[in-house]
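# Observations on the three-dimensional arrangement
Residues per chain are reported as follows:
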Amino acid sequence: MSRTQPLMIQIATGDARPIVKQIVDAVRLKIATGELLTGVQLPSVRGLAQQLTVNPNTVAKAYAELTAEGWLDARQGLGLYVATPRQRLSDSERERRLDDAIQRFVHEVAALDYPPQHALARLDDALRVLAPKKLA
């Protein structure tokens, strides 16, 4: 049986995203980049809530969302584990979400008045975090 792996994430109080969303996004990124591998057990709701100093209901909501989306497997009486990778969305839904994310990014960056080359360089740097998993 696998041991629980600490979940090294941080909550930013100044972040506009709700805490639940910050937790969900952090876990998704750790799974997508291969930092959390299939079969790894996550901390309990209470354990992660204590670590992050947030309400356990907040962690429970984040875990429920990740489970519903197929990122985590809930094993009765054993806890939550990183699920086996699978295609969670149809190709058309993936494309739609990518288009939405790009449009949001473009609108945010346009308001900052940076040259496109600067924004593209920063985006390229930020996306490099995905490279290790994609090469493996």
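Whatever comes next refers back to the structure up there.
Anyway, here's the lowdown on the structure attached to this text. Keep in mind it's a predicted model, so treat the numbers as computed, not measured.

Once that is clear, we can look at the packing of helix α1 (residues 19-32) against helix α3 (residues 56-68). In contact at an axis separation of 9 Å, α1 and α3 are set at 45° when each is read in the N-to-C sense. Taken together, the axes of α1 and α3 lie oblique to each other. Crossing handedness for the pair α1 and α3: right-handed. Listed contacts from α3 to Ile19, Val20, Ile23, Val24, Val27 and Arg28 of α1 are Thr58, Val59, Lys61, Ala62, Glu65 and Leu66. Class assignment of the residues belonging to the contact of α1 with α3 gives a composition of eight nonpolar, one polar and three charged.

A surface patch of nonpolar side chains, about 580 Å² in accessible area, is lined by Leu98, Ile102, Phe105, Val106, Leu120, Leu123 and Leu127. Contributing elements (two or more residues each) for the nonpolar patch: α4 (91-112) and α5 (116-127). Of all the elements, α4 adds the most residues to the nonpolar patch, at four residues. Relative to the elements of secondary structure, Leu98 occurs in helix α4. Given a relative accessible area of 44%, Leu98 falls into the partly exposed group.

For the rest of this paragraph, the subject is unusual backbone geometry. Its identity as a non-glycine residue notwithstanding, Thr53 has a phi of 50°, on the positive side. For Thr53, the location among the structural elements is in the loop between α2 (45-52) and α3. With phi around 60°, Asp113 is a residue other than glycine that occupies positive phi space. Structurally, the position occupied by Asp113 is in the loop between α4 and α5.

Parameters at a glance
- Residues numbered from 1 in each chain as written.
- Predicted model: local features only at pLDDT ≥ 70, side-chain atom pairs only at ≥ 80, totals over all residues.
- Heavy atoms only, no water.
- Axes fitted to C-alpha atoms, helices over the stretch in contact; angles between N-to-C directions.
- Helix = DSSP H or I, 4+ residues; strand = E, 2+ residues; numbered from the N terminus.
- Parallel < 35°, antiparallel > 145°, perpendicular 65-115°, else oblique.
- Left-handed = near helix turned anticlockwise from the far one by under 90°.
- Contact = heavy atoms within 4.5 Å.
- Nonpolar A, V, L, I, M, F, W, Y, C, P; charged D, E, K, R; others polar.
- Patch = residues over 30% accessible without salt bridge, like charges linked within 9 Å, V, L, I, M, F, W, Y side chains within 5 Å.
- Areas by Shrake-Rupley, 256 points an atom, 1.4 Å probe, with all protein chains shown as cover.
- Salt bridge = Lys/Arg side-chain N within 4 Å of Asp/Glu carboxyl O.
- Buried < 20%, exposed > 50% of the residue type's maximum accessible area, 1.4 Å probe, protein only.

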